[in-house]
Amino acid sequence: DSNLILYVNFVLVNMVSKQRYIVKDLLGQGTFGQVAKCWVSENNSYVAVKIIKNDPAYYRQASVEISLLHVLNRKFDPDDEHHIVRILDYFVCQRHLCITFEILGPNLFELIKMNNYKGLSLNIVQMFSRQILNALMVMKDAGIIHCDLKPENILISTSVKPPEIKIIDFGSACMEGQTIYSYIQSRYYRSPEVLLGYPYTTAIDMWSFGCIVAELFLGLPLFPADSEFDLLKRMIETLGGQPPDDQLRDAKNTSKFFKHVGSIYRLEDDKACKGVTSAYRVLTVEEFEARELKRPEMGKHYFNCAKLEEIIANYPYRKNSHEEIKKENLTRLALVDFLRGLVEFDPGKRWSPLQASHHPFLTGEPFTCPYEPQPETPRIPVIHTVSVDHNPGGGHWL
Ligand code: ATP
Ligand code: MG
Ligand code: MG
């Protein structure tokens, strides 16, 4: 294929700076290419090098990753305080675009797996949530949407204590207001507006963030859907309610999943949506099958999904003393309230990173009543001139 053939002690060279990177190990592999652990002898240190396939589409995508990370690193996080991976260098070597990053440790999915999918303690969930939110705050200020926030793209830095996480993989990211792609986000973490084909903003990352926080606690994804229809059914069942009517009216894919029933539809017989009034109702499985001319791949867990409140409250306790359980119960109530503001169907009502950051679940203030965030003053949109050197490192490419 169009991957560079790598082996131990293979040398990648930036032809302009003459900097040499000696391949020592493979850290990851994907559709984009490979990520190698490389030794830099001048600095006595390792770096991670993302070696992009020799292919124009991946080259372009990686160029966006470079330019957006430059903006984030240099302009919005010059002192490396906001949990976003540092980009160190980029160059073309043997017709492959190479991006070097600071080296990080395992990702959050690997951490959950190492813990036998039992979920992390609430203290750890709170700590990681604060850090991810801090990164999302900076990204919102920069007007950058990550578009692929998930546990695999959040890495643990092993060089510091207490542990720190960093957001990686801006290979799908875009600028707010320049949203070109409609098929984005990994399915479990996909927001309702992307699913429905509705204009999206940085709020889609807040939805993914909510799914991640729940998963860190549960050890399993909140919406482990095996199709888009399954995803929608799970959202509706777990959260109650459905996307707001104005969104359903304007979204491109509404008719894939919903039936327009004209007058206001009362979902009274539908226990998941009790109290909701809408001009739309979600298709039944049979209607969806008939329309799609194929069986939806309904998840095997589908019939097990419950209301968010029940999922969190019924999760087994890792504590045993009466006092500890009482305290944890209160924190779990705060967690549910926190998640409710994030996995909110209406992107206009979903909390911003700043609003979420003042929630008692994160501040540690006693949780006494549902959190009401301060309204946010709209910011003037940022416009950066995002440009990349199309002939980096002096190499000649295609
Ligand atoms: P695809 O989208 O095709 O899956 P990708 O865009 O996800 O590829 P990355 O997420 O950037 O590629 O990197 C792939 C994997 O390589 C990561 O999940 C991680 O395991 C490893 N990796 C990436 N960057 C680093 C780093 N700085 N330090 C350590 N490991 C890294
Ligand atoms: Mg990735
Ligand atoms: Mg990616």
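For every chain, the first residue of the written sequence is number 1, and numbering continues from 1 onward in sequence order. Just so you know, chain letters begin at A and ligand numbers begin at 1, following the order they were written in. The predicted nature of this model means local features are confined to residues of pLDDT at least 70 and side-chain atom pairs, given and counted, to a pLDDT of 80 or more, with totals for whole chains, interfaces and linings taken over all residues. With hydrogens and water excluded, all non-hydrogen atoms of the structure serve as input to the side-chain values.

Undergrad: Even after reading the chapter, I still don't get the coordination of the magnesium ion (ligand 3), so can you show me in this structure?
TA: The textbook angles at a metal center are 109.5 degrees for a tetrahedron of four donors and 90 or 180 degrees for an octahedron of six. Metal donors were taken as nitrogen, oxygen and sulfur atoms no farther than 2.8 Å from the ion, or 3.2 Å where the ion is Na, K or Ca. Water is excluded, so coordination may look unfinished. D169 (OD) and D169 (OD) make up the full set of protein donors to the magnesium ion (ligand 3), lying at 2.3 to 2.6 Å. In this structure, the magnesium ion (ligand 3) lies 3.9 Å from the magnesium ion (ligand 2), and both are coordinated by D169. Here D169 is to be found in the loop between β9 (164-167) and β10 (174-175). Each helix corresponds to a stretch of at least 4 residues labelled H or I by DSSP, and each strand to a stretch of at least 2 residues labelled E; elements are numbered beginning at the N terminus.

Undergrad: For this particular structure, what's the right way to read the pattern of salt bridges?
TA: Any two side chains of opposite charge can pair, on the condition that their charged atoms come close. Put simply, a salt bridge is a Lys or Arg side-chain nitrogen that is within 4 Å of an Asp or Glu carboxyl oxygen. The final tally for this structure, using the stated rule, is 16 salt bridges. For K150, the salt bridge identified is with D148, shortest N-O distance 4.0 Å. The class of D148 is buried, set by a relative accessible area of 10%. Of the charged contacts in the structure, one is a salt bridge between R190 and E228, with a shortest N-O distance of 2.6 Å. Placement of the pair is R190 in the loop between β10 and α4 (192-196) and E228 in helix α6 (residues 228-239), with a sequence separation of 38 residues. Accessible area is worked out with a 1.4 Å probe on protein chains only. A residue is then buried under 20% of its type maximum, exposed over 50%, and partly exposed in between. With a relative accessible area of 5%, R190 lands in the buried category. Among the ionic contacts, a cluster of salt bridges with common partners joins K50, E65 and D169.

Undergrad: How do you make sense of the site of ligand 1 when you look at a structure like this?
TA: Proximity criterion: a residue is near a molecule or strand once any of its heavy atoms comes within 4 Å of it. In the region of ligand 1, 16 residues are neighbours, and T31, F32, K50, E102 and D169 sit closest. Taking L104, its main chain carries an N or O atom lying 2.9 Å from a nitrogen atom of ligand 1. Throughout this description, a polar contact denotes any pair of N or O atoms lying within 3.5 Å of each other; where both atoms belong to protein, one of them has to be capable of donating a hydrogen while the other can accept it, and for residues adjacent in sequence the pair is counted only when both atoms sit in side chains. D169 has a polar side-chain atom sitting 2.7 Å from an oxygen atom of ligand 1. Note on areas: Shrake-Rupley with a 1.4 Å probe; residue coverage comes only from the protein chains shown. Bound to the protein, ligand 1 loses 82% of the 610 Å² it would expose on its own. Its residues assigned to classes, the shell around ligand 1 comprises nine nonpolar, three polar and four charged. Under the grouping applied here, Gly and all other residues not named as nonpolar or charged are polar, the nonpolar ones being Ala, Val, Leu, Ile, Met, Phe, Trp, Tyr, Cys and Pro and the charged ones Asp, Glu, Lys and Arg.

Undergrad: I tried to follow the packing of aromatic side chains on my own but got confused; where do I start?
TA: Where two aromatic rings form a pair, the distance of their centres and the angle of their planes describe that pair. Aromatic pairing here means that ring centres of Phe, Tyr or Trp (its six-membered ring) are within 6.5 Å. Orientation follows from the plane angle: under 30 degrees is stacked, over 60 is edge-to-face, and everything else is tilted. Counted by the stated rule, this structure contains 14 aromatic pairs. Taking the centre distance of 6.0 Å and the plane angle of 20° together, the rings of W207 and F223 count as stacked. On the criterion of sequence distance, the pair formed by W207 in helix α5 (residues 203-218) and F223 in the loop between α5 and α6 is long-range, its members being 16 residues apart. Under the relative-accessibility criterion, W207 is labelled buried at 0%. Each member of the aromatic cluster is reached from another via a ring pair, and the members are W207, F223 and F345. We count a charge as sitting over a ring when the NZ of a lysine or the CZ of an arginine lies within 6 Å of the ring centre and within 35 degrees of the ring normal. The positively charged end of K37 is found above the aromatic ring belonging to Y46, 4.5 Å away from the centroid.

Undergrad: Hey, could you run me through the sheet that holds strand β5 (residues 87-93) in this one?
TA: The strands making up a sheet are joined through hydrogen bonds of the backbone, oriented either antiparallel or parallel. Whether two strands pair comes down to DSSP finding at least two bridges between them. Strand order in the open sheet made by the six strands is β1-β2-β3-β4-β6-β5, with antiparallel pairing throughout. With one partner strand each, in any of the chains shown, β1 (11-13) and β5 form the two edges of the open sheet. The sheet shows a mean angle of 35° between the axes of neighbouring strands, taken without regard to direction. Strand direction decides the pairing type here: strand β3 (residues 33-40) and strand β4 (residues 45-52), joined by eight bridges, are antiparallel. Its bridge partner being in β4, A36 is matched across the sheet by V49. By definition, residues are in contact when any of their heavy atoms lie within 4.5 Å. Lines fitted to C-alpha atoms define the axes, with helix axes restricted to the stretch in contact, and inter-axis angles between N-to-C directions lie between 0 and 180 degrees. Sitting on the sheet, helix α1 (residues 56-76) is in contact with β4, β5 and β6 (96-102), with an inclination near 30° to β6.

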